[in-house]
Amino acid sequence: MCHGSDAAEYLRYKDPKQPVHVRVRDLMGRMTLEEKIGQMTQIEKSVASQDIINKYHIGALLSGGGSVPAPKASAETWINMVNEFQSGALSTRLGIPVFYGIDAVHGHNTVYNATIFPHNVGLGVTRDPELVKKIGAATALEVRATGIPYTFAPCIAVCRDPRWGRCFESYSEDREIVQAMTEIIPGLQGDLPPDYPSDFPYVGGRTKVAACAKHFVGDGGTTDGINESNTIIDWDGLLSIHMPAYIDSIRKGVATIMISFSSLNGTKMHANYDLITRYLKKTLKFRGIVISDSQGIDKITTPPHANYTYSVEASINAGIDMILVPENFTELIDSLTLLVKKNVISTSRIDDAVERILRVKFVMGLFENSVADFTLVNQLGSQEHRELAREAVRRSLVLLKNGENGDVPLIPLPKKAKKILVAGSHANDIGNQCGGWTIEWHGLSGNITVGTTILAAVKNTVDPRTEVVYHENPDKEFMNSNRFSYAIVAVGELPYSETVGDSMNLTIAKPGYDTIINVCQAIKCVVIIISGRPVVIQPYLPLIDALVAAWLPGTEGQGVADVLFGDYGFTGKLARTWFRTVDQLPMNVGDPHYDPLFPFGFGLTT
């Protein structure tokens, strides 16, 4: 062996031939408290720089909703940004790479021209874990196409009340469907190799990403569906409804679990030692990273951030390993450092957190492949992925009505007709079709990314001699002065996410009901509802000849036309109960007094 400065020192933690636990132990033995606390800190890219990452030994970065390097940025622009941040981490004393996270919750939805898949509420309808696994694999490729190795998905909430603004992120009110859909995790992360240790995080190389099961636990069970509120449930109820999908996720090697903003029987989940440390880490033996939600620790107090030192103490001592700050990171670092120096937080608690973070980074191959290249850029919005999304759209649609009893069914619609009407606020709007978490955090109406609207899909599908007339909101006069063979009306909710989506009335956006009345009173009509959940429709049902629940289908609107015109059959079955009136809520399958408009599992076929 040569000695002296001319030979690079052999560093065991940098040797990929060493087992993960050896690398973790070797690296931790070299780390100062400052470096350890840096690893526990995840910051928003808008407050990050190479210098900050270097100076504070930052462990992780993220793009929050709508946080992009530039509007309509290319994959290459994303990669260059991520790599620039990474060089700040690699130039630290120990060269521990950062990992970068993003909310890719229905495809790589922050990025322009990415394939936007149907939201989870639609995917649950398919009841097809293999389809969802393929969507996970496609999403992983598109996320990696932009140089990012980590997504905050899947949401495995069991939404028990559609008034919740995140219900569209939940596969079903039925925990068994949600459990089956955890198959997206091996899609995102890769299949566990044979003989891989159980409950151990797994990420299978450069075409896969780390996943995040969220939000632990009971996020979908809050009173009246109020976001971030309180879930009142006994232990048996928690274990039978909200916990099972976590057990499946851990078994499938999920790398991270995010804690819920909500409370459980009055205790904030971000401060819940019994559930995070005793149950998740000790009983379920989860070995990956427990991460906070964004400003989740601030919200331990009311009002938020009222006593940040207490928030840091309560959350870290409850067992959270990484804090998604996301902006005011020096306050976290200073508070946490002081609490450790005062022995309020033990060094063994810090070591548990850092061991988990490094374990995931080694498992991901982040030390060997810390810098992204352009090899996967063509995966972003690829034709193959758009075809997969189109299939997912076809299979997520639910046909709720098709002619009155004894009438001739309206669907499949004839492709040959003299003149047809396409109407409604959602007929020619990619943003409305995609919903929340698309380009922006709350989504956005309009032509916000590349895709096929329902109007374009209809025009692509009908006979070239069929005249297609589009009118967003036709009045009675317009209807009377035209002769149409039939109409397709697409109406629904405008995009939202999280708390702004909480709704006590569950009505569609104006003037949707007026459009239904004006068109459907005049001619045969198919109404397509674009929404993140069941909505009020019962009063209008007698007017409607055919009714389709399309949920939030994403960019591939051609999948809607595929089934409307009979190129494919309708197969979807409701994975949520469709209520008659909101005063019935909450009402879930199996409840006493179950009296829905359309029951769980309902769906006509063609």
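Residues numbered from 1 in each chain as written. Predicted model: local features only at pLDDT ≥ 70, side-chain atom pairs only at ≥ 80, totals over all residues. Heavy atoms only, no water.

(A) Local environment of the pairing of strand β15 (residues 487–492). Buried residues dominate β15, accounting for six of its six residues. Here strand β13 (residues 419–423) pairs with β15 via three bridges, running parallel. Bridging from a neighbouring strand, Ala423 pairs with Val489 of β15. Bridge count for β15 against strand β16 (residues 525–530) is six bridges, and the pairing is parallel. Bridging across to β16, Gly492 finds its partner in Ile530. Crossover β15 to β16 through helix α19 (residues 512–522) is right-handed. (Buried < 20%, exposed > 50% of the residue type's maximum accessible area, 1.4 Å probe, protein only. Helix = DSSP H or I, 4+ residues; strand = E, 2+ residues; numbered from the N terminus. Pairing = 2+ DSSP bridges. Right-handed = clockwise from strand over helix to strand, strands pointing away.)

(B) Seen up close, the pattern of salt bridges. As enumerated under the stated definition, the model contains 34 salt bridges in all. Put simply, Asp128 and Arg395 hold a salt bridge, and the shortest N to O gap is 2.8 Å. On the criterion of sequence distance, the pair formed by Asp128 in the loop between α5 (120–126) and α6 (129–145) and Arg395 in helix α15 (residues 383–396) is long-range, its members being 267 residues apart. Judged by its relative accessible area of 25%, Arg395 falls in the partly exposed class. Measuring nitrogen to oxygen at the nearest pair gives 2.8 Å for the salt bridge that ties Asp562 to Arg394. In this pair, Asp562 sits in helix α20 (residues 558–564) while Arg394 sits in helix α15, placing the two residues 168 residues apart along the sequence. Exposure class is identical for Asp562 and Arg394. Each is buried. The network of salt bridges with common partners includes Lys281, Asp321, Arg349, Asp352 and Arg356. (Salt bridge = Lys/Arg side-chain N within 4 Å of Asp/Glu carboxyl O.)

(C) Region of interest: the nonpolar core. The biggest cluster of nonpolar side chains holds 198 residues, and the ones touching the most others in it are Phe216, Ile516, Val527, Ile528, Leu564 and Trp578. The leading source of residues in this core is α6, at eight residues. Once residues within four sequence positions are removed from consideration, Ile528 is found in contact with Ile454, Ile488, Val489, Ala490, Val491, Val548, Ala550, Val560 and Leu564. (Core = buried A, V, L, I, M, F, W, Y, C linked by side-chain atoms within 4.5 Å. Contact = heavy atoms within 4.5 Å.)

(D) Local environment of α15. Its 14 residues place the ends of α15 20 Å apart at the C-alpha level, agreeing with the 20 Å of an ideal helix rising 1.5 Å per residue. Of all the positions in α15, only His385, Arg386, Leu388, Ala389, Ala392, Val393, Arg394 and Ser396 are classed as buried. Turning to α15, the residues buried within the fold contact α5, α6, β12 (398–402), β17 (546–551) and α20. (Expected span 1.5 Å × (residues − 1).)

(E) Representation of the state of the cysteines. Scanning the entire structure with this criterion turns up two disulfides. A sulfur-sulfur distance of 2.1 Å marks the disulfide that ties Cys159 to Cys167. Looking down the S-S bond of the Cys159 and Cys167 bridge, the torsion is -105°, so its handedness is left-handed. Disulfide pairing places Cys520 opposite Cys525 at an S-S distance of 2.1 Å. (Disulfide = S-S within 2.5 Å.)

(F) Quick peek at the pairing of β17. When you tally the buried positions in β17, you get six out of six residues, the bulk of the element. One ladder, built from four bridges, connects β12 with β17; its direction is antiparallel. In the strand pairing of β17, Lys401 is matched with Leu547. Two elements, β16 and β17, share five bridges in a ladder whose sense is parallel. The residue of β17 that forms the bridge with Val527 is Leu547.

(G) View of the sheet that holds β17. With mixed pairing, six strands are arranged side by side in an open sheet as β12-β17-β16-β15-β13-β14. For this open sheet the edge positions go to β12 and β14 (467–471), each flanked by a neighbour on one side alone. Ignoring which end each strand starts from, the neighbouring axes of this sheet average 15° apart. Summarising the sheet, β13 and β14 pair through five bridges and their orientation is parallel. Each bridged residue has a counterpart across the sheet, and for Ala423 the counterpart in β14 is His471. (Axes fitted to C-alpha atoms, helices over the stretch in contact; angles between N-to-C directions.)

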